[in-house]
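Architecture at a glance
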Amino acid sequence: MTVHHQPDRNWRCRIQDSWTLKGLKTVVMENEYLRLTILADKGADVYEFLYKPNDTDFMWRMPIGLHNPATHIPTNTTATGPFMDHYEGGWQEIFPSGGAENVHKGVSYGQHGEACQLPWSVRINEDTPEQVSCTFSLRTLRTPFLLERTLTLKSGEPLLHISETLYNLSPEPQEFMWGHHLAFGEPFLDEHCRIDTGAKRIEIDDRPFSPNQRFQPGANFEYPLANMTDGREVDFRQVLPKTARTMDMAYFTELDQPWFALTNTKQKLGFGMRFDKAVFDAIWCWQVFGGGQGAPWFSQTYNLGLEPFSAWPGHGLAEAHAKGRSKSIPGNGSIQTHLTAVVYSGISAVDSITESGKVIGK
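We now turn to the structure provided with this report. (Residues numbered from 1 in each chain as written. Predicted model: local features only at pLDDT ≥ 70, side-chain atom pairs only at ≥ 80, totals over all residues. Heavy atoms only, no water.)

What follows concerns the state of the cysteines. As enumerated under the stated definition, the model contains zero disulfides in all. As a non-bridged cysteine, Cys116 has Cys134 as the owner of its nearest cysteine sulfur, 19 Å distant. Take Cys116: its relative accessible area is 3%, and that puts it in the buried class. Free of any disulfide, Cys134 has its nearest cysteine sulfur in Cys13, 13 Å distant. (Disulfide = S-S within 2.5 Å. Buried < 20%, exposed > 50% of the residue type's maximum accessible area, 1.4 Å probe, protein only.)

Mapped onto the elements of the fold, Glu114 is located in the loop between β8 (107–109) and β9 (121–127). Arg142 is the oppositely charged side chain nearest to the buried, salt-bridge-free Glu114, at an N-O distance of 5.2 Å. There is a polar contact of 2.7 Å between the side chain of Glu114 and the backbone nitrogen of Arg142. Discounting chain neighbours no more than four positions away, the residues touching Glu114 are Phe95, Pro96, Thr140, Leu141, Arg142 and Thr143. (Helix = DSSP H or I, 4+ residues; strand = E, 2+ residues; numbered from the N terminus. Lys, Arg positive; Asp, Glu negative; His and termini not counted. Salt bridge = Lys/Arg side-chain N within 4 Å of Asp/Glu carboxyl O. Polar contact = N/O pair within 3.5 Å; in protein donor to acceptor, adjacent residues only side chain to side chain. Contact = heavy atoms within 4.5 Å.)

Now for the pairing of strand β24 (residues 334–345). In the case of a regular strand, side chains alternate between the two sheet surfaces. As defined by bridge partners, strand β12 (residues 159–168) adjoins β24 across nine bridges and the pair is classed as antiparallel. The residue of β24 that forms the bridge with Glu164 is Thr337. Strand direction decides the pairing type here: strand β20 (residues 269–275) and β24, joined by seven bridges, are antiparallel. Residue pairing across strands places Phe275 opposite Leu339, the latter belonging to β24. (Pairing = 2+ DSSP bridges.)

Bridge analysis of strand β25 (residues 350–353) against strand β26 (residues 359–361) gives three bridges, and the strand direction is antiparallel. Among the inter-strand pairings, Ser352 is bridged to a residue of β26, identified as Ile360.

Turning next to the packing of aromatic side chains. Here the distance between the centres and the angle between the planes together describe a pair of aromatic rings. What the rule picks out here adds up to 25 aromatic pairs. Between Phe289 and Tyr302, the ring centres sit 6.0 Å apart and the planes meet at 50 degrees, which makes this aromatic pair tilted. With a gap of 13 residues between them, Phe289 in strand β21 (residues 282–289) and Tyr302 in strand β22 (residues 302–309) connect regions that are remote in the sequence. Connected via pairs of aromatic rings, a cluster forms that spans Phe49, Phe58, Trp91, Phe184, Phe188, Phe260 and Phe271. (Phe/Tyr/Trp six-rings, centres within 6.5 Å; stacked < 30°, edge-to-face > 60°.)

A word on the side chain of Glu88. Looking at the element boundaries, Glu88 is found in the loop between α1 (81–86) and β6 (91–94). In terms of polar contacts, Glu88 uses its side chain to reach the side chain of Lys42, at 2.9 Å. Discounting residues that sit within four places of it in the chain, Glu88 has contacts with Leu39, Lys42, Asp45, Tyr47, Trp60, Arg61, Met62, Gly65 and Leu66.

Residues Tyr223 and Pro224 are joined by a peptide bond in cis, for which omega reads 15 degrees. With respect to the helices and strands, the residue Pro224 is situated in the loop between β16 (220–222) and β17 (225–227). Residue Pro296 is reached from Ala295 by a cis peptide bond, and omega for that bond is 0 degrees. Within the fold, Pro296 resides in the loop between β21 and β22. Located in the positive-phi region is Arg245, a residue other than glycine, with phi close to 55 degrees. Residue position: Arg245 is located in the loop between β18 (233–235) and β19 (246–264). Residue Arg245 is classed as partly exposed on the basis of its relative accessible area of 42%. Phi angles above zero are rare outside glycine, and Asn332 is one such case at about 55 degrees. Tracing the chain through its elements places Asn332 in the loop between β23 (327–329) and β24.

Laid out in structure tokens, this is it:
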């Protein structure tokens, strides 16, 4: 019998999978720059993405906090209940449907599908001072998919390397929506933040989203300028303060280069992501600048979502199929993809992020 000894290293790269947080199996990965806390038992959510040099966690936290789905039963049985009752903020993997509840080809999906609702298995691949690597895997319940996500930190890099493989376990072709639901919050997020991306267009969600939304549903603009319902032109790159009391849903499309960056120009600190356009060909932009009136936000929240996605708008797989934007995987086929998340400093505006995660800006 081979016994794997997991070292209690407290320098350079390290990883531990023996932690629990509120009863949830939790993995902690670190190097000199970053600490990630990943909730394996809850969608493999990235609960914490901490930049150590100045103690900044980029992830937003919901006012209700983190709950264990095993001990907190949803308070209603509607399709939105499980996700909303257990949503803690942070970063979710969304699959195989994104956004609203829907029924497609006989499968009933709740809000944001299956992957973010279920526990994932954990396998540590490498644990050395130079590099740590961990694979999270999930077999979906309502659909015949296996999803594997490998996270890697290397010594001396403020980078998270992500490689993913999607398997269709059925001989039948399967459709899907796939995305990464990142929500940024205070203290990093404020009115000094700026959004940069390689997109050409801004598409406003085609349904009324909020009584406090700034833009006409279905409007379409050339990035980065957009006209509000009163005709005034605004720069979509500018993040508003929480006193703005607005909430909007938009999509960045026609990506020349598949990346986004969110920079606090006062702190000269930012978070960026480069991803694979063959899979993720749009960026959802969810802006809640203190303006989510009524349920479920009650004007308590201030956050920004920047979310690489395989389809838009965020109304579920059935609508993505109807609009010709769902993606498909052949029977017994597989798809591989990759993403890189990077933290950078000393920059106020980003021009691009390379495939290796290098941030180019000024």
